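Each chain, written out:
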Amino acid sequence: MALHIRCGTLFTGAEDAARANQTMVTDEKGGLAFVGPTASAPKAAKGDTVVDYSDLFVMPGLHDVHTHLAYGNAKTEEDIDLYQPMEFRSIRGLFFAQKCLAAGYTSICSPGDAGQISLSVRNSIDFGLFEGPRVTAAGRYLTTRQGLTDWYPTWIGVPDTSIGKLVTSRDESIEEIRVQAKNGVDCIKVALDGVQRRPDGEFIAAFTQQEIGDIVTESHRQGKKVVVHARGREATLYAARAGVDLIFHAYYLDQECIDAMLESGSAIGPTLTFPRNIVDFTRPTEPASLKGRIGDVQREYETACANLRKAREAGIPMMTGTDSGFAVTPYGEWHAREIEIFVNDLGFTPAQALRAATAVTAGFMAKGASLGVLEAGRMADFLAVAGSPLEDVSILQDKSRIKHVHLGGKRVAIPEREYDTYKVTDIAWTNWNDLYTQERVTELGLRPARKGTAVTP
Ligand SMILES: [Zn+2]
């Protein structure tokens, strides 16, 4: 029994313009059997369902290539790595994956998560146990000394419940890739740069050119794509030369990086929503402000936009992702902000940004060739939106405008369930944001009057 969808305006993702008066017809496997003018569409047979979206804007389901299902809207690295059992994190990840789907994100990649959380969430959805988006799953980040996710002192190391897996040699890297491949990940995540900088301020790549080359070779040999975290120029260059499939951030890229990407075919996932939200939302009393981080993030954002514009103009494919899973990027809330940033800060037209968030980003996803574009032979993953994102892409962040989400043809219905944000996520032992010396107490006007302890009746 097919579904016939009457579309007033249809943006297929295959071209920049939207088409009027179109109809899509699904097949029995949740795919699209027909997409074209209503006048030439097959007639609805007995038992078929016809839905009328003639006053709505129909477009492919959105893709976020950077949503960490294990993080749980974390406020600290300890929240991410330590405080909840892995089993709880999986269940929580499933709950939050559903929030992404409800926001119109029919496909997400979870690039780096503790244990086997992402692939367990993926399987529970793929096997029909729960409703949820299509999940492209990675395992733990491969990291090395000073790489991102090796953020505790050496005497603590990288705990087993961490999102990182410390590999200290080529052989350990290869072994971890093979373990993850056997467990069934879709892609391998590598923390290619981290926190250390040279005296001139440049980030130092955590792995050498040779090491990342070997990691990519073995991952590709296992049929797995590679995605890396690389803010710095050096890590971006190593990744591009090694043929990494997707480079997150690439904020300090230069012409040499662009040339290497053009040569090897690497794409960039800028993930600018995360720093943008940090700058826009962090309040003056919060630790990130008190530690003076916000100005740095703002400067990095501006540098990143200037560099990424050059990469876009050179023809490097760009994919949409948000680093959702932090307190400033809660699941289901800001995914579509990346589309707006592509338009406002990277020079995309609205149509180009929508195609980035659909057809282009689908290119990294597992089974991506069947996603991202509404045409016969691909999956019937689509949204019906009130208003035209081609006129204003920011409307995609307005949940009231996402009228219907269909996954494999079926309309999804995720309940709006409230939850205890404190118990679910916020468990780090941070009690104070300030240091209460006598001077500071006086400055803040907190010094108690010397009234004694008598209680006034
Ligand atoms: Zn990330």
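Residues numbered from 1 in each chain as written. Predicted model: local features only at pLDDT ≥ 70, side-chain atom pairs only at ≥ 80, totals over all residues. Heavy atoms only, no water.

This part takes up the overall build of the chain. Across its full length, the chain holds 14 helices and 18 strands. Computed over C-alpha atoms, the radius of gyration of the chain comes to 23 Å, within 12% of the 23 Å expected from 2.2 N^0.38 for 457 residues, which places it in the range of a compact globule. If you line up the chain on its principal axes, its C-alpha atoms span 85 × 70 × 40 Å. Looking at the chain residue by residue over its 457 residues, the buried ones come to 53%. Residue pairs at least 24 apart in sequence account for 68% of intrachain contacts in the chain once pairs closer than 6 positions are excluded. Accessible surface for the chain amounts to roughly 20500 Å². Of this, 52% is attributable to carbon and sulfur atoms. Counting 49 positive and 58 negative side-chain charges, the chain places the averaged centre of each group 3 Å from the other. (Helix = DSSP H or I, 4+ residues; strand = E, 2+ residues; numbered from the N terminus. Rg over C-alpha atoms; globule rule 2.2 N^0.38 Å. Buried < 20%, exposed > 50% of the residue type's maximum accessible area, 1.4 Å probe, protein only. Contact = heavy atoms within 4.5 Å. Areas by Shrake-Rupley, 256 points an atom, 1.4 Å probe, with all protein chains shown as cover. Lys, Arg positive; Asp, Glu negative; His and termini not counted. Charge placed at Lys NZ, Arg CZ, Asp CG, Glu CD.)

Moving on, we get to the packing of helix H11 (residues 337-346) against helix H12 (residues 350-362). Contact pair H11 / H12: the axes reach a minimum separation of 9 Å and the direction vectors enclose 140°. Classed by the angle they form, the pair H11 and H12 counts as oblique. Seen along the crossing, H11 lies across H12 with a hand that is right-handed. For the pair H11 and H12, the contacting residues are Ile339, Phe342 and Val343 in the first and Pro350, Ala353, Leu354, Ala356 and Ala357 in the second. (Axes fitted to C-alpha atoms, helices over the stretch in contact; angles between N-to-C directions. Parallel < 35°, antiparallel > 145°, perpendicular 65-115°, else oblique. Left-handed = near helix turned anticlockwise from the far one by under 90°.)

A separate point is a nonpolar patch on the surface. On the surface, Trp432, Tyr436, Leu444 and Leu446 cluster together into a nonpolar patch covering about 470 Å² of accessible area. By the secondary structure assignment, Trp432 is in the loop between helix H13 (421-424) and helix H14 (438-443). By relative accessible area, which is 62% here, Trp432 ends up exposed. (Patch = residues over 30% accessible without salt bridge, like charges linked within 9 Å, V, L, I, M, F, W, Y side chains within 5 Å. Salt bridge = Lys/Arg side-chain N within 4 Å of Asp/Glu carboxyl O.)

Let us now look at empty space enclosed by the protein. Evaluation of the coordinates by the stated rule reveals two cavities of 30 Å³ or more. Of the volumes computed, that of the largest cavity is approximately 60 Å³. Lining the largest cavity are Ala103, Tyr105, Gly332, Glu333, Trp334, His335, Ala336, Leu396, Gln397, Lys399 and Ile402. For the lining of the largest cavity, a count of residues per class yields six nonpolar, three polar and two charged. Looking at the second largest cavity, its volume works out to about 40 Å³. Taken together, Pro60, Gly61, His63, Thr106, Ser370, Leu371, Gly372, Val373, Leu374, Met379 and Asp381 form the lining of the second largest cavity. (1 Å grid on protein atoms, 1.4 Å probe; cavity = no way out; pocket = protein on both sides within 12 Å on 5 of 7 lines; lining within 4 Å. Points joined across faces, edges and corners; volume = space filled by probe spheres on them. Nonpolar A, V, L, I, M, F, W, Y, C, P; charged D, E, K, R; others polar.)

On the secondary structure map, Asp186 appears in the loop between helix H4 (170-183) and strand S10 (187-191). Taking C-alpha positions, Asp186 is 9.2 Å from Val226, a pair spaced 40 residues apart along the chain. When residues no more than four places from it in sequence are discounted, the contact partners of Asp186 are Arg122, Val135, Thr136, Ala137, Lys224, Lys225 and Ala366. Within polar-contact distance, the side chain of Asp186 engages the side chain of Arg122 at 2.9 Å. (Polar contact = N/O pair within 3.5 Å; in protein donor to acceptor, adjacent residues only side chain to side chain.)

This next bit is on the nonpolar core. Ranked by size, the top nonpolar core spans 97 residues in total, and within it Ile212, Val228 and Ile339 carry the most contacts. Residue contributions to this core peak at seven residues, all from helix H10 (residues 293-313). Setting aside its immediate chain neighbours within four residues, Ile212 contacts Val190, Leu192, Phe207, Val228, Tyr238, Ala242 and Val244. The next biggest cluster of nonpolar side chains, apart from the first, holds 16 residues, and it includes Val35, Val51, Leu374 and Phe382. (Core = buried A, V, L, I, M, F, W, Y, C linked by side-chain atoms within 4.5 Å.)

Next up on the list: the pairing of strand S4 (residues 49-60). Where strand S1 (residues 3-10) lies against S4, seven bridges are found, and the strand directions are parallel. Paired with Cys7 across the two strands is Tyr53, which belongs to S4. Bridge analysis of S4 against strand S16 (residues 382-385) gives four bridges, and the strand direction is antiparallel. Of the residues in S16, the one forming a bridge with Phe57 is Val385. (Pairing = 2+ DSSP bridges.)

This part covers the coordination of the zinc ion. Around the zinc ion, the protein supplies His66 (NE2), His68 (NE2) and Asp323 (OD) as donor atoms, at distances of 2.0 to 2.2 Å. Spacing between the donor residues of the zinc ion along their common chain follows H-x1-H-x254-D. (Donors = N, O, S within 2.8 Å, 3.2 Å for Na, K, Ca; no water.)

Before going further, it helps to spend a moment on the packing of aromatic side chains. One pass over the full model with this rule turns up 10 aromatic pairs. Between Phe95 and Phe96 the ring centres are 5.4 Å apart and the planes differ by 65°, which places this aromatic pair in the edge-to-face class. A connected cluster of aromatic rings, assembled from ring pairs, spans Phe95, Phe96, Tyr331 and Tyr419. The ring of Phe203 carries the charged tip of Arg197 above its face, separated from the ring centre by 4.0 Å. Positioned over the ring face of Tyr301 is Arg276, at 4.6 Å from the centre of the ring. (Phe/Tyr/Trp six-rings, centres within 6.5 Å; stacked < 30°, edge-to-face > 60°. Lys NZ or Arg CZ within 6 Å of the ring centre and 35° of its normal.)

The next thing to look at is the sheet that holds strand S5 (residues 62-64). In space, the three strands of this open sheet follow the order S5-S6-S7, with parallel pairing throughout. Strands with a single pairing partner mark the edges of an open sheet, and in this sheet they are S5 and strand S7 (134-137). The sheet shows a mean angle of 15° between the axes of neighbouring strands, direction not considered.

One pass over the structure, following the stated rule, counts 24 salt bridges. Residue Asp381 is joined to Arg134 by a salt bridge in which the shortest nitrogen-to-oxygen separation is 2.6 Å. Remark: Arg134 occurs in strand S7 and Asp381 occurs in the loop between H12 and S16; sequence separation between them is 247 residues. For Asp381, a relative accessible area of 6% corresponds to the buried category. Through salt bridges with shared partners, a single ionic network connects Glu202, Arg233, Arg241, Asp254 and Glu256.

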